[in-house]
Amino acid sequence: MLVLVFFLGDDKYMVECEKIREISPMVTLKKVPHSPDFFAGFFNYRGAVVPVIDLRQLIQESACEMRLSTRIILIDYINRDNLPDMFGFIAERVTEATKKSKEAFILPSVNFQETPYFSGFVMEGEKMIQCIDLNVLSRSFDFQQPFEFYHLPDDSLCD
Amino acid sequence: MTTEILDIQPVDCWKTNGVWSPASQRCEKLKSVVHCRNCEIFMQAGRDLLERPMPENYRQEWTKVMATQKEQEKLGTISVIIFRIAKELFALPTRILAEIIAIQPMHSIPHRKNPILIGLVNVHGEIQLCVSLQVLLEVAAQPVSSYDKSQQRMIVIDHQDEQWVFPVDEIRGIYRMHPSTLKNAPVTVSKSNAAFTKGLFNWKEEYVAFLDSELVLYRLNRSMQ
């Protein structure tokens with residue numbers, strides 16, 4: 001399957017391309033006061049208001065650097081009301097998409113409640129590239145409710 | 001932090017001893033990678049270009065672009081080639097077009113009685129029948145004085161192994177047209193012309209007659225028998 005490769009700081013990550021709607025260059029986002037650090041703002045995406053998170057802020061607690069290769073990745077997902085919805089995340093060095101076989105993904109035996117969106121690893125030589133599960137990431141936020149990072153109950157990780 | 005990136009000296013070994021250098025002394029790596037574009041250093045230089053900080057107005061520009069609705073091109077458009085014969089514009093589907101060539105000397109055929117067949121032309125060493133769409137479509141000829149020969153071309157069409165060549169007065173280009181934009185030809189258009197026309201469409205404030213390619217080819221075939 002096709003995966004998108006990007007960086008957060010010095011770490012390489014991957015997401016599946018299937019859920020990606022569009023990759024947009026970095027734009028000016030509408031900031032919201034009192035929102036969590038990792039919430040980058042709202043994106044006027046072709047007339048729709050799309051919430052955008054700074055993935056580096058969420059994972060590494062420092063904001064993405066504004067380089068030409070820093071882009072917004074827009075994801076289609078199904079929200080809590082079972083309606084199609086969209087969110088975006090900012091990532092760095094978004095310059096490559098590559099094909100990986102399903103067997104290349106190796107699941108670790110432990111997962112952490114704070115980072116339920118990490119799924120498996122792909123080995124590239126001696127390096128380990130962490131994959132982010134967009135389904136879990138999209139369910140980790142409750143964009144309708146007062147906005148905060150939502151820790152999934154343990155049982156939802158089993159599916 | 002951004003100054004750090006700007007300080008990196010740009011490596012341009014592909015210009016000093018790579019494939020784009022006039023020097024005869026070549027990089028050792030070329031033996032294994034053949035061309036600079038396969039080399040790690042060149043690839044990294046390309047990646048580094050994207051690692052530059054964003055220019056001032058980059059974000060504003062893209063914010064504007066991303067905020068506007070995407071123009072959706074209609075599905076099912078067909079590609080047509082638009083050409084002019086005398087004063088009238090015609091279009092044929094591009095898929096039957098083989099090529100456009102400069103006007104070739106025509107070899108007339110003795111004792112020809114058929115006004116549509118105007119001669120033989122040499123197309124890349126092959127002899128092809130040259131026909132007149134002007135006669136077939138009954139387009140009124142222009143006065144000779146208004147001729148601009150520099151615009152004249154020959155269109156070679158190739159459909160199911162049949163090749164035809166015909167001269168036109170001008171090629172206007174290839175354009176994508178949606179069948180729903182076709183309008184019926186007005187009744188005042190001469191009968192034979194209308195029969196070959198599937199419909200008219202507007203192109204740069206001019207009307208173009210979209211020809212029924214199958215009927216044109218059928219008639220050409222029939223006229224040769």
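In this text the structure is predicted, and so the values were computed from the model without any measurement. (Residues numbered from 1 in each chain as written. Chains lettered and ligands numbered in written order. Predicted model: local features only at pLDDT ≥ 70, side-chain atom pairs only at ≥ 80, totals over all residues. Heavy atoms only, no water.)

Focus on the overall build of chain B
Within chain B, the regular secondary structure consists of 8 helices and 10 strands. A total of 225 residues make up chain B; the buried ones form 34% of that total. In chain B, of all internal contacts separated by at least 6 residues, the share reaching a separation of at least 24 is 56%. As displayed, chain B offers around 14,900 Å² of accessible surface, 54% of which is attributable to carbon and sulfur atoms. (Helix = DSSP H or I, 4+ residues; strand = E, 2+ residues; numbered from the N terminus. Buried < 20%, exposed > 50% of the residue type's maximum accessible area, 1.4 Å probe, protein only. Contact = heavy atoms within 4.5 Å. Areas by Shrake-Rupley, 256 points an atom, 1.4 Å probe, with all protein chains shown as cover.)

Observations regarding the interface of chain A and chain B
Across the boundary between the two partners, chain A contributes 22 residues, which contact 21 residues of chain B. Each partner contributes to the roughly 2,000 Å² buried at the junction of chain A and chain B, and carbon and sulfur atoms together form 56% of this total. If you look at where chain A meets chain B, you find 1 salt bridge. Across the salt bridge formed by E51(B) and R67(A), the nearest N and O atoms sit 3.5 Å from each other. Here chain A and chain B share 12 residue pairs in polar contact (both at pLDDT 80 or more) between them. Contributing elements (two or more residues each) for the side of chain A that touches chain B: β3 (20-25), β4 (39-45) and β7 (84-99) of chain A. Residues belonging to the side of chain A that touches chain B are distributed by class as follows: 8 nonpolar, 7 polar and 7 charged. (Buried area = accessible area lost by both parts, 1.4 Å probe. Salt bridge = Lys/Arg side-chain N within 4 Å of Asp/Glu carboxyl O. Polar contact = N/O pair within 3.5 Å; in protein donor to acceptor, adjacent residues only side chain to side chain. Nonpolar A, V, L, I, M, F, W, Y, C, P; charged D, E, K, R; others polar.)

Some words on the packing of aromatic side chains
All names here are of chain A. Enumeration over the complete set of coordinates arrives at 13 aromatic pairs over all chains. Taking 5.6 Å as the distance between ring centres and 55° as the angle between the ring planes, the aromatic pair formed by F6 and F89 counts as tilted. Of this pair, F6 sits in strand β1 (residues 2-8) while F89 sits in strand β7; the two residues are 83 residues apart in sequence, bridging distant segments of the chain. Of the two residues, F6 and F89, both sit in the buried class. Centroid distance Y77 to F87: 5.4 Å. Interplanar angle 80°. Geometry classified as edge-to-face. (Phe/Tyr/Trp six-rings, centres within 6.5 Å; stacked < 30°, edge-to-face > 60°.)

Considerations on the confidence of the model for chain A
Per-residue pLDDT for chain A averages 85, and the proportion of residues at 70 or more is 89%. Averaged over each element, pLDDT in chain A is lowest for helix α2 (residues 134-139) of chain A (84) and highest for β3(A) (93). (pLDDT = per-residue confidence, 0-100.)

So, the nonpolar core
Within the largest apolar cluster, 43 residues are counted, with the highest numbers of intra-cluster contacts made by F6(A), F43(A), F89(A) and L137(A). Of all the elements, β7(A) adds the most residues to this core, at 6 residues. Residues I81(B), L92(B), L117(B) and L137(B) belong to the second largest nonpolar core, which totals 27 residues. (Core = buried A, V, L, I, M, F, W, Y, C linked by side-chain atoms within 4.5 Å.)

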